[in-house]
There are 8 protein chains.
Amino acid sequence: MKQPKVGIITGSKSDLPILEKTEKALQEFGIAYEITVASAHRTPHQVAKYAADAEKKFDLIIAAAGMAAALPGVIAGHTTLPVIGIPIHSQGLGGHDALFSIVQMPPGVPVATVAIDGAKNAAILAAQILALKYPGIKAKLKKLKKDLRKG
Amino acid sequence: MKQPKVGIITGSKSDLPILEKTEKALQEFGIAYEITVASAHRTPHQVAKYAADAEKKFDLIIAAAGMAAALPGVIAGHTTLPVIGIPIHSQGLGGHDALFSIVQMPPGVPVATVAIDGAKNAAILAAQILALKYPGIKAKLKKLKKDLRKG
Amino acid sequence: MKQPKVGIITGSKSDLPILEKTEKALQEFGIAYEITVASAHRTPHQVAKYAADAEKKFDLIIAAAGMAAALPGVIAGHTTLPVIGIPIHSQGLGGHDALFSIVQMPPGVPVATVAIDGAKNAAILAAQILALKYPGIKAKLKKLKKDLRKG
Amino acid sequence: MKQPKVGIITGSKSDLPILEKTEKALQEFGIAYEITVASAHRTPHQVAKYAADAEKKFDLIIAAAGMAAALPGVIAGHTTLPVIGIPIHSQGLGGHDALFSIVQMPPGVPVATVAIDGAKNAAILAAQILALKYPGIKAKLKKLKKDLRKG
Amino acid sequence: MKQPKVGIITGSKSDLPILEKTEKALQEFGIAYEITVASAHRTPHQVAKYAADAEKKFDLIIAAAGMAAALPGVIAGHTTLPVIGIPIHSQGLGGHDALFSIVQMPPGVPVATVAIDGAKNAAILAAQILALKYPGIKAKLKKLKKDLRKG
Amino acid sequence: MKQPKVGIITGSKSDLPILEKTEKALQEFGIAYEITVASAHRTPHQVAKYAADAEKKFDLIIAAAGMAAALPGVIAGHTTLPVIGIPIHSQGLGGHDALFSIVQMPPGVPVATVAIDGAKNAAILAAQILALKYPGIKAKLKKLKKDLRKG
Amino acid sequence: MKQPKVGIITGSKSDLPILEKTEKALQEFGIAYEITVASAHRTPHQVAKYAADAEKKFDLIIAAAGMAAALPGVIAGHTTLPVIGIPIHSQGLGGHDALFSIVQMPPGVPVATVAIDGAKNAAILAAQILALKYPGIKAKLKKLKKDLRKG
Amino acid sequence: MKQPKVGIITGSKSDLPILEKTEKALQEFGIAYEITVASAHRTPHQVAKYAADAEKKFDLIIAAAGMAAALPGVIAGHTTLPVIGIPIHSQGLGGHDALFSIVQMPPGVPVATVAIDGAKNAAILAAQILALKYPGIKAKLKKLKKDLRKG
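Residues numbered from 1 in each chain as written. Chains lettered and ligands numbered in written order. Predicted model: local features only at pLDDT ≥ 70, side-chain atom pairs only at ≥ 80, totals over all residues. Heavy atoms only, no water.

## What about the pattern of salt bridges?
Stage number 1. Tallied over the full model, the rule gives 80 salt bridges over all chains.
Stage number 2. With a shortest N-O distance of 3.5 Å, Lys138 of chain A and Glu55 of chain H are connected by a salt bridge. In this pair, Lys138 of chain A sits in helix H6 (residues 136-150) while Glu55 of chain H sits in helix H2 (residues 44-57), so the two residues belong to two different chains.
Stage number 3. Judged by its relative accessible area of 22%, Glu55 of chain H falls in the partly exposed class. (Salt bridge = Lys/Arg side-chain N within 4 Å of Asp/Glu carboxyl O. Helix = DSSP H or I, 4+ residues; strand = E, 2+ residues; numbered from the N terminus. Buried < 20%, exposed > 50% of the residue type's maximum accessible area, 1.4 Å probe, protein only.)

Structure below.
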């Protein structure tokens, strides 16, 4: 891996439109990514295999899920890569369920949680992390900071 | 399995004192059980293997967990046995986190959730379910109902 | 009862469209069911009679209700059959009220609670439970698991 | 019934110490009462019978319960007497569960809900209601108001 | 007052459409009422005067309010009549604010709280209370119970 | 009023220990104050009179209350002085009730709300407001800022 | 500053429509204001400079923000002027996030918090505060009170 | 920076005991760190300077705060380094306030949020991130995973 690469994984196809903001931001950073739809509940073996193979393919993982959002934590249980979790909003509990299911991880297995539906920030956090290893990203983060300051 | 057998699994040793009520109630129903400590986050392979083997050993599974309580849902993802989930209370969010993480399962993979710290009820629900297959349990449930009515 | 049979009961006609997912899933499992509209608050005698007769007619009961959702717990108070509770979402409290009213049962009288509006999962949980007694359902559950894994 | 009489009913013996404030306040108003421990979940027939007989014995009913607090609503389902509900605080959800289970009644079957653990206020509300029929209570309510104003 | 009479008061004209259910139900019970728009925050003197005069005009008061819903409690502070409080749903906090502001009254000054937007139940509760003094209402309550049982 | 003067009012004697932080901070600012215990629910006339007279005696009012904390809003309804509200924490709902009851004021009648149990900050906010009129307080606020920066 | 002047600052352009109510109300009070869009997270230097210069330009500051609404508290950290905070409602958590982020300030640095989306009340609170220094505003506040009382 | 170095910053000295778990875990990973107590509200200039200098001294920052926990977000506003946020539990709102204040960051400025009081996980997440740049840490993470699996 001479080039940064991010694995994006989501529990449900219905989350893909929200993740377009993640994709767009990663593209702007010039960070390659691969999107997978797999569920900790419906396709646990696929998730376990995905996580086991992840260290060979990816620098870090972005995992999105709604409701009893186990996916980010389960991925984190299988890998030592950093895992960024995006809680997806749903009707009724308004995302409280996904937020608590992702952020309240037990000692030993963290998930770096962003805001409910925080798809763009997941990509920016990924870039901040990857910039430690790939210094070329640093300049783009500096430019983003500058752009944010212009409003 | 001519005799009913329940697998009890919990994410943390610290939950074992709460589960003593589950054990005691199962003993009163004459239902055999086996307790395992394993975590969807810390020991995911053990959990996957446990769940894969479960159908040979158990009639149903009782899974307890606190915080981002993925264990019951992950077990349910690996088996077609009924899975009863017990959300364990913790400081701060008072069990809201465990309750939402266990009950808000996506379509396809249910967890039969009982009250926060509802360790005794998990055993009674198990007995109600097992009575369908093992009619001998029915009489004990009728007796329990009668005892409840005495107060 | 040589064939599995489920009693579905709901507190309000307005919940029937949500329960169509329960019906459709039970039909796919080949499980017979009967739907009843009755309320723990408006028609308590009908509910008590329904619950008293349930053991002769049904293997288990699925009870749905919104707001101060007493129905599942009251049914559970009258029977030793397993009772699956579906909290129905309503405006304002977003289903917090129905969820807490159904899941937070006192020791002695469990309700197997599924997600807010979790109508399909109630049927799958019913099938998992019934498969203990009616082994023919097991194959359909295995097929569902396989289908879920295809995504 | 020439004298006012209140039925107090609670789901659990453990609530009795909280209800001592209800008793003390009713005594100060000179209102007779009878306390019953019965549960909508554990002793549903006793509750149904209690509620069916209530109109002959009582002017109104005060019902206290915690967790999935069905008792006040179920009593209200069986009677046309006014029912005052007291949500009892419990660990974890801090009374949110009991409050929502008691106050969020469906159209047709109200429960007059007071604060979490509002045992004294249940008695005062009872007195305010009974004063419509028993004018002698009015003077005591006026005196209470005056006493409150003294601080 | 040989005829029952209810004072309905609401903090805002915008609540009047919700209160149409209260009016309709009172009309069906043959209970006279008078509607007033006044606010504990915007027109406190009017509210104080309203509450002071209430005992001469009304048997009980129904008070509706949203957000920091002080009106029912403030009315209750000024009178010994029973006060029924209706929390009105608003955007954002979904009625949690109005519910807590109305139900969590301090010892000495109860408000009989019904569900969020529970306008019809406020009228039925009023009828249950008034039936103690005006026995003619009892038959209508019995008929309502019967109608509810028909579904 | 050549000297700044603050009226502190609280709904219950039990809140006085919390308000000692308000007193201590006002003393450090050299701001005179007067403490009154009066309740919007128990002593509404006293509160109305207090608020009506307030403009002659005080520059602003600090009002503390717990549960259905109507006091700050009711005071604000009676005066055009700035009213600072302190929600007081109580068991069960943990101050959610007092916070929502104080901060969610309707358009026209604001309350300047500080944190749950934020007794010291109420005094500092008072000093910031009074410094507009009494420039001598400004120097003390600058000193406080400097002290805060020392940690 | 012989004339009152208010600084309005908001974290996002998208909040400007909500702040039109603040502007309109300030205009009715004849209070000059200046609106700035700046973010504690995106443009922290601009915010720090704004807050540092504020004492020369403004009598007080109104700061609005949504989600992790740090802006009002950060402004308050930089100035001894009174800071009024408006939590802005957003999807999912419904404003709980902004409200808690603004009101729960630590000892030493208060923010005078108004209701979620309470844009008009922020202006009225500003007028109440400014009336201490600019007595001409007092008459307009009295007129507003009178107008409110007309309903 | 040939050696990994983490900046730990907390809003209050009272959080230091909680952060001992962060320190201990970083020591076990052989990661140098420096602890600073500074507040976004009380010492904003110090925080701004800290964040501005951070890129020269640190690879990433761990920021802990309670209540209206602005510190992690404000640090993130000043730097392009990854910022890990630890919400600190406090009485009353039980950490809901700190969690929402830290995780609900607006687009452009992420904070990698861990559980309430998740001090150990903040260190492990830091190690996972630093392992991208300092491969020597990877082996220690693998060992930690192995140790977790032993239970």
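Past the structure itself, the notes keep going.
## Structural notes on the relation of the copies chain H and chain A
Stage number 1. In screw terms, the move from chain H to chain A is a rotation of 180° and a rise of 0.0 Å along the axis, fitting with an RMSD of 0.0 Å. Such values leave the two copies arranged in the relation of a two-fold axis.
Stage number 2. Here 100% of the interface residues in chain H have copies in chain A that are interface residues too; the copies meet face to matching face. (Least-squares fit on C-alpha atoms with pLDDT ≥ 70 in both. Contact = heavy atoms within 4.5 Å.)

## Digging into the relation of the copies chain F and chain G
Stage number 1. Note on the copies: chain F fits chain G at an RMSD of 0.0 Å, the axial shift is 0.0 Å, and the rotation between them is 180°.
Stage number 2. In this assembly, 100% of the residues forming the interface of chain F have copies in chain G that are likewise at the interface, indicating an isologous arrangement.

## Describing the environment of Ile75 of chain F
All names here are of chain F.
Stage number 1. Relative to the assigned elements, Ile75 resides in helix H3 (residues 71-78).
Stage number 2. For the pair Ile75 and Tyr50, spaced 25 residues apart in the sequence, the C-alpha separation amounts to 8.3 Å.
Stage number 3. If we skip the residues at most four places from it in the chain, Ile75 touches Ile9, Val47, Tyr50, Ala51, Ile61 and Val83.

## Details of the interface of chain H and chain A
Stage number 1. At the interface, 42 residues of chain H touch 42 residues of chain A.
Stage number 2. Carbon and sulfur atoms make up 60% of the surface buried where chain H meets chain A, a total of about 3500 Å² over both sides.
Stage number 3. Looking only at chain H, the three residues that lose the most surface to chain A are Thr80, Pro110 and Leu132 of chain H, adding up to 20% of its buried area.
Stage number 4. Across the chain H-chain A interface, the total number found is four salt bridges.
Stage number 5. Between Lys142 of chain A and Glu55 of chain H there is a salt bridge; the shortest N-O distance is 2.7 Å. (Buried area = accessible area lost by both parts, 1.4 Å probe.)

## With respect to the packing of aromatic side chains
Stage number 1. Scanning the entire structure with this criterion turns up 12 aromatic pairs over all chains.
Stage number 2. Aromatic pair Phe100 of chain C and Phe100 of chain D: ring centres 6.0 Å apart, planes at 5°, arrangement stacked. Note that Phe100 of chain C is positioned in helix H4 (residues 96-103) and Phe100 of chain D in helix H4 (residues 96-103), a pairing that runs across two chains.
Stage number 3. Assessed through its relative accessible area of 1%, Phe100 of chain C is described here as buried. (Phe/Tyr/Trp six-rings, centres within 6.5 Å; stacked < 30°, edge-to-face > 60°.)

## A word on helix H1 (residues 16-29) of chain B
Residue and element names in this part refer to chain B.
Stage number 1. An ideal rise of 1.5 Å per residue puts 20 Å on 14 residues; H1 measures up with 20 Å between its terminal C-alpha atoms.
Stage number 2. Residues of H1 that are buried include every one of Leu19, Thr22, Glu23, Ala25, Leu26 and Phe29, and no others. Burial along H1 is one-sided: seen end-on, the buried residues are contained in an arc of 170°. Among the exposed residues of H1, those oriented more than 90 degrees off its buried face are Pro17, Glu20, Lys21, Lys24 and Glu28.
Stage number 3. Looking at the buried side of H1, the elements it contacts are strand S1 (5-10), strand S2 (32-37), strand S3 (60-66), strand S4 (83-88), helix H5 (119-130) and helix H6 (136-150).
Stage number 4. Just downstream of H1, Gly30 is the residue with a positive phi angle, here 70°. (Expected span 1.5 Å × (residues − 1). Arc of directions from axis to C-beta.)

## Topic: the pairing of strand S1 (residues 5-10) of chain D
Residue and element names in this part refer to chain D.
Stage number 1. The element S1 is largely enclosed, with a buried count of five among its six residues.
Stage number 2. When S1 meets strand S2 (residues 32-37), the two strands line up parallel, connected through six bridges. Bridge assignment links Ile8 to a residue of S2, and that residue is Ile35. (Pairing = 2+ DSSP bridges.)

## A few points about the arrangement of the chains
Stage number 1. No interface is formed between chain B and chain E, the nearest pair of C-alpha atoms being 17 Å apart.
Stage number 2. Contact between chain C and chain F is absent, and the least distance between their C-alpha atoms amounts to 15 Å.

## Focus on the side chain of Thr80 of chain E
Stage number 1. Tracing the backbone shows Thr80 of chain E in the loop between helix H3 (71-78) and strand S4 (83-88).
Stage number 2. A relative accessible area of 2% places Thr80 of chain E in the buried class.
Stage number 3. Only 3.0 Å separates the side chain of Thr80 of chain E from the side chain of Lys138 of chain D, close enough to count as a polar contact.
Stage number 4. Of note is the side chain of Thr80 of chain E, whose polar atom sits 2.8 Å from the side chain of Glu55 of chain E. (Polar contact = N/O pair within 3.5 Å; in protein donor to acceptor, adjacent residues only side chain to side chain.)

Interpretation in functional terms is not warranted from these geometric data alone.
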